[in-house]
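As a plain string of letters, each chain reads:
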Amino acid sequence: LWAPYLTLFRCSGVGLALCQRLLEEDGRIHLCIACRNDQKSEATRDLILAAHPAAQVSTVEVDLGNLASVLRVAQELRCRFQRLDFVYLNAGIMPNPHVNFKALWRGLLTGKLLHMLTTAEGVMTQTDRLNGDGLQEVFATNLFGHFILVRQLEPLLCGNERPSRLIWTSSSNARESAFSLSDYQHAKGQESYSSSKYATDLTSVVLNRKFNNQGLYSSVVCPGLVMSNMTYRILPVFLWKLLMPIMWLIRFFAKTYTLTPHNGAEAHVWLFKQKPENLDALVKYHSCTSGLGKSYVDPRKMDVDEETAEKFYQKLLELEKEALEKYSDLLD
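Residues numbered from 1 in each chain as written. Predicted model: local features only at pLDDT ≥ 70, side-chain atom pairs only at ≥ 80, totals over all residues. Heavy atoms only, no water.

### Topic: the overall build of the chain
Going by this rule: Put simply, DSSP H or I for four residues or longer makes a helix, DSSP E for two residues or longer makes a strand, and each gets a number counted from the N terminus. Relative accessibility thresholds used throughout: buried, under 20% of the residue-type maximum; exposed, over 50%; partly exposed, between the two (1.4 Å probe, protein chains only). Residues are treated as being in contact if the distance between any of their heavy atoms lies within 4.5 Å. Surface exposure here means Shrake-Rupley accessible area, sampled with a 1.4 Å probe, where a residue is shielded only by the protein chains that are shown.
Tallying secondary structure elements over the chain gives 13 helices and 10 strands in all. Buried positions account for 58% of the 332 residues belonging to the chain. Summarising the internal contacts of the chain: among those between residues at least 6 apart in sequence, 74% fall at separations of at least 24. As displayed, the chain offers around 15,000 Å² of accessible surface, 53% of which is attributable to carbon and sulfur atoms.

The structure is reproduced here in structure tokens:
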């Protein structure tokens, strides 16, 4: 019997495509989808069941940027399920994104434009803010909320007969230059998204070191450039429509321009079919699409320092301790 698969995502884009593709791979699985509110969760469930009427699909409500919400949903999941085979950690935000057109022009003049277009290095900035828990919103939503959830779900993930899997959605925009141990929430910079994704890579590396012997394995993926609700907020929709023919052309040179959510979920689905013991903990699995539309997975070594990863993990544990003391009434 398959245990439930928990997938945390915005109720559209890669997360929805992932659910549909997982059911195409094996209709026996039980999907538990998590969204920010019940209305969106039920709407997503209806979309999935319209294509897969016999599927087992349940829902939970959680806001990854709210620690009380994370602790409540963890308690609910522990009550509802005995184990989880997979947890897809795909939720994320990029608030108030801005494009640096001067940087793009410099990239064109220096021959670095293609690199900038595929990684957003030096191109994308965001304006972050504090959330209700006093944490930087992007850090809290893209990483720390997931981390707390995973820690709270350890009884469902570790020490079982079969391995359990964590699959984090990272990014090609995850760069060491945007991350600092002394400012790991990225309160002082303007690249909070990149910092949070690099922090995701660091976290996955340490989780493997600490939990593989308990049957828990962690992987990170990059969906590539996908046209989704998050992407459409970077530029006006009409401008995206004008740029689409150019983007299809760029895909002949930039294989990470997956463009569609279906293609963006390629690495997520590929990992579903792999034995975790055979995977490299220091590799990020990129969804790619050829110029002719063929999807495939490109494994690439991550640019992570394992000593930095360990130090960052200890900081996460310290922050977790503070959070649990604050919300002790929500713990079992």
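Back to the text.
### Some details on a negative patch on the surface
Threshold: Nonpolar side chains (Val, Leu, Ile, Met, Phe, Trp, Tyr) within 5 Å and like charges within 9 Å form the patches, drawn only from residues with over 30% relative accessible area and no salt bridge. Every case where a carboxyl oxygen of Asp or Glu lies within 4 Å of a side-chain nitrogen of Lys or Arg is listed as a salt bridge. By the counting rule applied here, Lys and Arg register as positive and Asp and Glu as negative, while His and the ends of each chain are not counted. By convention, the point assigned to a charge is CZ for Arg, NZ for Lys, CD for Glu and CG for Asp.
On the surface, Asp38, Glu42, Asp46 and Glu61 cluster together into a negatively charged patch. Counting through the fold element by element, aspartate 38 comes out in helix α2 (residues 38-51). The exposure class assigned to aspartate 38 is partly exposed, which follows from its relative accessible area of 45%.

### Quick word on the pairing of strand β7 (residues 164-169)
The condition is simple: In short, DSSP must find at least two bridges between two strands for them to pair. We call a crossover right-handed when, viewed with both strands directed away from the observer, the connection leading from the first strand over the helix to the second proceeds clockwise.
Burial analysis of β7 places 6 of its 6 residues in the buried class, which makes it a mostly covered element. As judged from the 6 bridges shared by β7 and strand β8 (residues 216-222), these two strands associate in the parallel manner. When the bridges of β8 are listed, threonine 169 appears paired with valine 221. At this point the chain moves from β7, through helix α8 (residues 192-211), to the parallel β8, and the crossover so formed is right-handed.

### Some thoughts on the packing of α8 against helix α13 (residues 306-326)
Selection criterion: For helices, the axis comes from a line fit to the C-alpha atoms of the stretch in contact; other axes are also lines fit to C-alpha atoms, and the angle between any two N-to-C directions lies between 0 and 180 degrees. Here is the rule for angles: anything less than 35 degrees is roughly parallel, anything more than 145 is roughly antiparallel, 65 through 115 is roughly perpendicular, and the remaining ranges are oblique. Gly falls in the polar group here, along with every residue not listed as nonpolar (Ala, Val, Leu, Ile, Met, Phe, Trp, Tyr, Cys, Pro) or charged (Asp, Glu, Lys, Arg).
One way to put it is that α8 packs onto α13 with a least axis distance of 9 Å and a crossing angle of 90°. Considering the angle they form, α8 stands roughly perpendicular to α13. In this structure, α8 contributes Ala199, Leu202, Thr203, Val205, Val206, Leu207, Arg209, Lys210 and Phe211 to the contact, and α13 contributes Glu306, Thr308, Ala309, Glu310, Phe312, Tyr313, Gln314 and Leu316. Its residues assigned to classes, the contact of α8 with α13 comprises 10 nonpolar, 3 polar and 4 charged.

### Re the state of the cysteines
Worth spelling out the cut-off: Note on terminology: disulfide denotes any pair of cysteine sulfur atoms within 2.5 Å.
Scanning all chains against the criterion turns up 0 disulfides. Left without a disulfide partner, cysteine 19 is nearest to the cysteine sulfur of cysteine 35, which lies 8.5 Å away.

### Topic: the pairing of strand β9 (residues 283-289)
Within β9, 7 of the 7 residues are buried, leaving the element largely enclosed by the surrounding structure. Covered by surrounding structure in β9 are Val283, Tyr285, Ser287 and Thr289 together with Lys284, His286 and Cys288, the residues of both alternating faces. Pairing of β9 with strand β10 (residues 295-301) involves 7 bridges; the strand directions are antiparallel. The partner of serine 287 across the bridge, within β10, is valine 297.

### As for the packing of aromatic side chains
The description of two aromatic rings rests on the distance between their centres and on the angle between their planes. Here is the rule: Note on ring pairs: Phe, Tyr and Trp rings are taken, using the six-membered ring of Trp, and paired if centres are within 6.5 Å. Classes follow the plane angle, with under 30 degrees stacked, over 60 edge-to-face and the rest tilted.
One pass over the full model with this rule turns up 10 aromatic pairs. Taking the centre distance of 5.5 Å and the plane angle of 45° together, the rings of phenylalanine 179 and tyrosine 198 count as tilted. Here phenylalanine 179, found in the loop between β7 and α8, pairs with tyrosine 198, found in helix α8; they are 19 residues apart in sequence, far enough to count as distant. Put simply, the rings of Phe139, Phe144, Phe147, Phe179, Tyr184, Tyr198, Phe312 and Tyr313 touch in pairs and so form one group of aromatic residues.

### Section: the pattern of salt bridges
Where charged atoms from two side chains of opposite charge approach closely, those side chains can pair. The tally for this structure, following the rule as stated, stands at 18 salt bridges. For arginine 28, the salt bridge identified is with aspartate 26, shortest N-O distance 2.7 Å. One salt bridge connects glutamate 76 with arginine 80, and the closest N-O pair in it is separated by 2.7 Å. Of this pair, glutamate 76 and arginine 80 both sit in helix α3 (residues 67-80), 4 residues apart, which is roughly one turn of that helix. A single salt-bridge network, built from bridges that share partners, covers Arg209, Lys210, Glu306 and Glu310.

### Digging into a nonpolar patch on the surface
A contiguous nonpolar patch, built from Leu249, Phe252, Phe253 and Leu292 and spanning about 540 Å² of accessible area, is present on the exposed surface. Structurally, leucine 292 is set in the loop between β9 and β10.

### Comments concerning helix α6 (residues 137-152)
Cut-off, in case you're wondering: By definition, a residue's bend is the angle between the axes fitted to the seven residues ending there and the seven starting there.
Taken as a whole, α6 carries its principal kink of about 40° at phenylalanine 144. Of all 16 residues that make up α6, 15 are buried, and the element is covered over most of its length.

### Quick look at the nonpolar core
Selection rule: What makes a nonpolar core is a set of buried Ala, Val, Leu, Ile, Met, Phe, Trp, Tyr and Cys residues whose side-chain atoms join them at distances within 4.5 Å.
Among the nonpolar cores identified, the biggest contains 55 residues, and Phe139, Phe144, Leu153, Leu157, Leu166, Trp168 and Phe312 are the most heavily contacted of them. Looking at this core, the element that brings in the most residues is α6, giving 8 residues. Setting aside chain neighbours within four positions, we find phenylalanine 139 in contact with Asp128, Phe144, Tyr184, Gln185, Phe312, Leu316 and Leu319. Leu16, Phe86, Tyr88 and Leu279 belong to the second largest nonpolar core, which has 27 residues in total.

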